[in-house]
Amino acid sequence: MEIAGIVGILVIVGIAVVVAVVLLLILLLFARSWIKVARADEALVISGRKQKIQRAVIAADGTTSSELAESPVTVIVNGKSLVNPITQRHEIISLRSRQVSLNAEAQSLDSVTLNVDGVAIVKIGSDPLYVRRAAERFASQDKAIEQFTTEQLEGALRGIVATLSVVELMRERKKFSDQIAADVSQELAEQGLILDSFQIKGITDKVGYIQSLGAPEIQAKRQAAEISQTNADRAINQKNIANKEANLIEQTALDTNTANSDSGIGRARAEAEQAEALARAQAEQAVLQQQAENKQAQLDADVKRVADAQRYEAETRAQAELYTRERAAEAAAIEQVKQAEARTRIAEQQAQADKARADGEAAAAIAKASGEANALRAQAEAEAEARRLRASAEADAIRAEGDARAAALEAEAKAIASNQDAFLSQRVLEVLPSIMAEFSKGYAAIGNVSIIGSSGEDGASNVVGADSAKALRSVFDSVHSATGLDLAGIIQGQAVGRGFGAGVAEATPPAPAPPPRVSTPTTPPPPASATPAAPAAE
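Treat the numbers as computed from the prediction; the structure is a model and nothing was measured. (Residues numbered from 1 in each chain as written. Predicted model: local features only at pLDDT ≥ 70, side-chain atom pairs only at ≥ 80, totals over all residues. Heavy atoms only, no water.)

Enquirer: Looking at this model, I keep getting lost on the overall build of the chain. Mind explaining?
Expert: A count of helices and strands for the chain gives 11 helices and eight strands. For the chain, the proportion of its 538 residues judged to be buried stands at 21%. A sequence separation of at least 24 residues applies to 74% of the contacts in the chain between residues at least 6 apart. For the chain, the exposed area adds up to about 37200 Å²; of that, 58% sits on carbon and sulfur atoms. (Helix = DSSP H or I, 4+ residues; strand = E, 2+ residues; numbered from the N terminus. Buried < 20%, exposed > 50% of the residue type's maximum accessible area, 1.4 Å probe, protein only. Contact = heavy atoms within 4.5 Å. Areas by Shrake-Rupley, 256 points an atom, 1.4 Å probe, with all protein chains shown as cover.)

Enquirer: So what exactly am I meant to see when it comes to the sheet that holds strand β7 (residues 113-124) here?
Expert: The pairing of strands in a sheet happens through backbone hydrogen bonds and is either parallel or antiparallel. In spatial order, the strands read β6-β7-β8; together these three strands make up an open sheet with antiparallel pairing. Looking at strand neighbours, the two that pair on one side only are β6 (98-107) and β8 (193-204), the edges of this open sheet. When the angles between neighbouring strand axes are averaged without regard to direction, this sheet yields 25°. Pairing between β6 and β7: 10 bridges, direction antiparallel. Pairing of S101 across the sheet is with V119, part of β7. Sheet contacts for helix α5 (residues 173-190): β7 and β8; angle to β8, the most-contacted strand, approximately 145°. (Pairing = 2+ DSSP bridges. Axes fitted to C-alpha atoms, helices over the stretch in contact; angles between N-to-C directions.)

Enquirer: I'm lost on the packing of helix α3 (residues 144-161) against α5 in this one. Help?
Expert: For any two helices packed against each other, one specifies the crossing angle of their axes together with the interaxial distance. Relative to each other, α3 and α5 sit at 130°, their axes nearing to 9 Å. For the element pair α3 / α5, the angle class is oblique. Handedness of the crossing formed by α3 with α5: right-handed. Contacts between α3 and α5 involve F148, T149, Q152, L153, A156, L157, I160 and V161 on the former and, on the latter, F176, Q179, I180, D183, V184, E187 and L188. A breakdown of the residues in the contact of α3 with α5 according to their chemical character gives 10 nonpolar, three polar and two charged. (Parallel < 35°, antiparallel > 145°, perpendicular 65-115°, else oblique. Left-handed = near helix turned anticlockwise from the far one by under 90°. Nonpolar A, V, L, I, M, F, W, Y, C, P; charged D, E, K, R; others polar.)

Enquirer: In this structure, what is going on with the side chain of E42? I would like to understand it.
Expert: Examined against the element boundaries, E42 turns out to sit in strand β2 (residues 42-58). At 2.8 Å, the side chain of E42 and the side chain of R39 are in polar contact. If near-sequence neighbours (up to four positions away) are discounted, E42 is found in contact with V77, N78, I92, I93 and L95. (Polar contact = N/O pair within 3.5 Å; in protein donor to acceptor, adjacent residues only side chain to side chain.)

Enquirer: I would appreciate a short explanation of the environment of T87 in the present structure.
Expert: You can see T87 is positioned in the loop between β4 (80-82) and β5 (89-94). With relative accessibility at 55%, the residue T87 sits in the exposed group. Spatially, the C-alpha atoms of T87 and G48 are 6.6 Å apart, while their sequence positions differ by 39 residues. Look past the residues within four positions of T87 in its chain and what remains in contact with it is S47 and G48.

Enquirer: What's the story with unusual backbone geometry in this structure? I'm lost.
Expert: In terms of backbone geometry, most residues other than glycine have negative phi values and most peptide bonds are trans. For S111, which is not glycine, the phi torsion reads 60° and is therefore positive. Among the secondary structure elements, S111 is positioned in the loop between β6 and β7. The class of S111 is exposed, set by a relative accessible area of 55%.

Enquirer: Which parts of the structure should I look at to understand the nonpolar core?
Expert: For soluble globular proteins, nonpolar side chains are generally found buried alongside one another. With 42 residues, the main nonpolar core has L157, F176, I180 and F198 as its most contacted residues. Among the elements that make up this core, the one with the highest residue count is α3 (eight residues). Other than its neighbours up to four places away in sequence, I180 contacts L153, A156, L157, I160, F198 and I200. In terms of nonpolar packing, the next biggest core, distinct from the first, is built from five residues, L44, I46, I76 and V83 among them. (Core = buried A, V, L, I, M, F, W, Y, C linked by side-chain atoms within 4.5 Å.)

Enquirer: Would you mind showing me how to read the pairing of β6 here?
Expert: Where burial is concerned, the two faces of β6 differ: the one with R98, V100, L102, A104 and A106 is buried and the one with Q99, S101, N103, E105 and Q107 is not. Linkage of β6 to β7, two consecutive antiparallel strands, is achieved through a turn of five residues, within which S111 is found at a positive phi near 60°.

Enquirer: I keep staring at the pattern of salt bridges and nothing clicks. Help me out?
Expert: Any two side chains of opposite charge can pair, on the condition that their charged atoms come close. This structure, assessed with the given rule, holds six salt bridges. Measuring nitrogen to oxygen at the nearest pair gives 3.9 Å for the salt bridge that ties E154 to R158. Placement of both E154 and R158 in helix α3 is noted, with a separation of four residues, approximately one turn of the helix. The class of E154 is buried, set by a relative accessible area of 18%. Assessed through its relative accessible area of 38%, R158 is described here as partly exposed. (Salt bridge = Lys/Arg side-chain N within 4 Å of Asp/Glu carboxyl O.)

Enquirer: In this structure, what is going on with the packing of aromatic side chains? I would like to understand it.
Expert: Geometrically, a pair of aromatic rings is defined through the distance of the ring centres and the angle of the planes. Going through the model one piece at a time under the given rule, you end up with zero aromatic pairs. Stacked on the ring of Y130, the Lys or Arg R133 has its end atom at 5.8 Å from the ring centre. (Phe/Tyr/Trp six-rings, centres within 6.5 Å; stacked < 30°, edge-to-face > 60°. Lys NZ or Arg CZ within 6 Å of the ring centre and 35° of its normal.)

Enquirer: What is the right way to look at helix α2 (residues 128-138) in this model?
Expert: Along an α-helix, a turn takes 3.6 residues, which lines up residues three or four apart on a common side. When we look at burial in α2, the residues that qualify are V131, R132, A134, A135 and F138. Among the residues of α2, the N-terminal cap falls to D127, whose side-chain oxygen and the backbone nitrogen of L129 are separated by 2.9 Å.

Enquirer: Honestly, a nonpolar patch on the surface in this entry has me stumped. Any pointers?
Expert: The grouping of I3, V7, V11, I15, V18, V19, V22, L23 and I26 at the surface amounts to a nonpolar patch, some 810 Å² of accessible area in total. Position of L23 among the secondary structure elements: in helix α1 (residues 2-34). Look at L23 and you get partly exposed, because its relative accessible area is 48%. (Patch = residues over 30% accessible without salt bridge, like charges linked within 9 Å, V, L, I, M, F, W, Y side chains within 5 Å.)

Enquirer: Looking at this structure, I do not really get the confidence of the model for the chain. What am I missing?
Expert: Caution is warranted with low-pLDDT regions, since their predicted coordinates should not be read in detail. Across the chain, pLDDT averages 75, with 73% of residues at or above 70. Taken as a whole, residues 511-538 scores under 50 in pLDDT and shows 21 contacts with residues more than four places along the chain or in a different chain. (pLDDT = per-residue confidence, 0-100.)

Enquirer: What exactly am I supposed to notice about the environment of I86 here?
Expert: By the secondary structure assignment, I86 is in the loop between β4 and β5. Overall, the relative accessible area of 72% leaves I86 in the exposed class.

Printed below as a string of structure tokens:
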């Protein structure tokens, strides 16, 4: 029961909450439809509700006084109010500014038809009196405000233009605008409107009257400008001419100085080049002379170096050969002696063995074996002595031959030292055939030789021979100028000497040949036989 009671209470509370929410929503919707709020640039006009206002009353004598009166329209500017939608009606009047453009055609005081363009800023006044007047006239037709304002401004503009000349309109445009605004403001205030500003944008005419007003002034200004430009151009031309004359004078002076300077520089350069050429020629001559002296000294040094080197080489080679032969002879003699001694020892050992065998076989063979051993010993000693003597003789012969060769080399070296010209002549003659062989290789590479402009007796062989002779003569001349040797005289002298030598050799009988050397056999005798000797006859 308690639970059922609690549930019933909760249901009742829920229903009450729902009803309260519904009633609250209804109240909100009712307040939303009854409460009206005007924005900052709006005014709320309520019809069906009376409102007390201050009304101005003008007396017969022209004085004004105010009195309270009731208006059937309530005006609320920038506020809110509760409006009964059943018995009352509300309107929202905008208080924002409106831009009105106008283009009126009017005739001036001097009978000139003008087109005047202007722009005006109008709005409904914020005072409740102005709002009430505007609401009575424009509440249901907001666009009529621009049309009404345009008509009022055009009318006032035409009336004022008719009282002014074109020149006054152009010169006193600000005064013209203020006069229009002053004339129209009262009429606009009767309609609940306020003219914030009015400006003349432009005044034109279709016949060019306004443009012709400034033509004389413009022409005068243009003429004055042209005159000023002409004077300025004339002054500039005069200044340019003066500058050119000054530049010409300066350029002439510069050219004169430059020519004088170039002439002096050219003369100095020519003298310097001449002196440089002379110094270069003298230096080159000195260099050539020094090179010739150096070349001559180098050639002399090379010739002397070659001679010294060859002499030293000959002496060294002779000493080396002599030493080698002596050592070889001594080694051969020692080897032969060793071989003889070895053979002797072998023979003695064999003899001792034979003697031992003979002593063992019989007493009779001792005497025979002893005799044979003594004979063999004597023979071996004789052979050893013969070999020793032969080796000594061969060593002496080899030593004598080395001494003779060394003496010959020393004599040759002395001869070279005493007669260097002969040695150089011999060396030059040795390399002369190779020089001519290299010269002849040039003709070997030539296929055919044609002789032009010579007699019939001069053939190609004669021309080649003449060139060879010229080349050989140039070689002789070069050697003669370098060393002072007369190769032609040397060759002629050698030819004469060889002729005399050949004649002497033919006249001298040949020497007898040396007897052949007989070598003694060095083979040791066979050992004595081990066969026992026969007994001696009694």
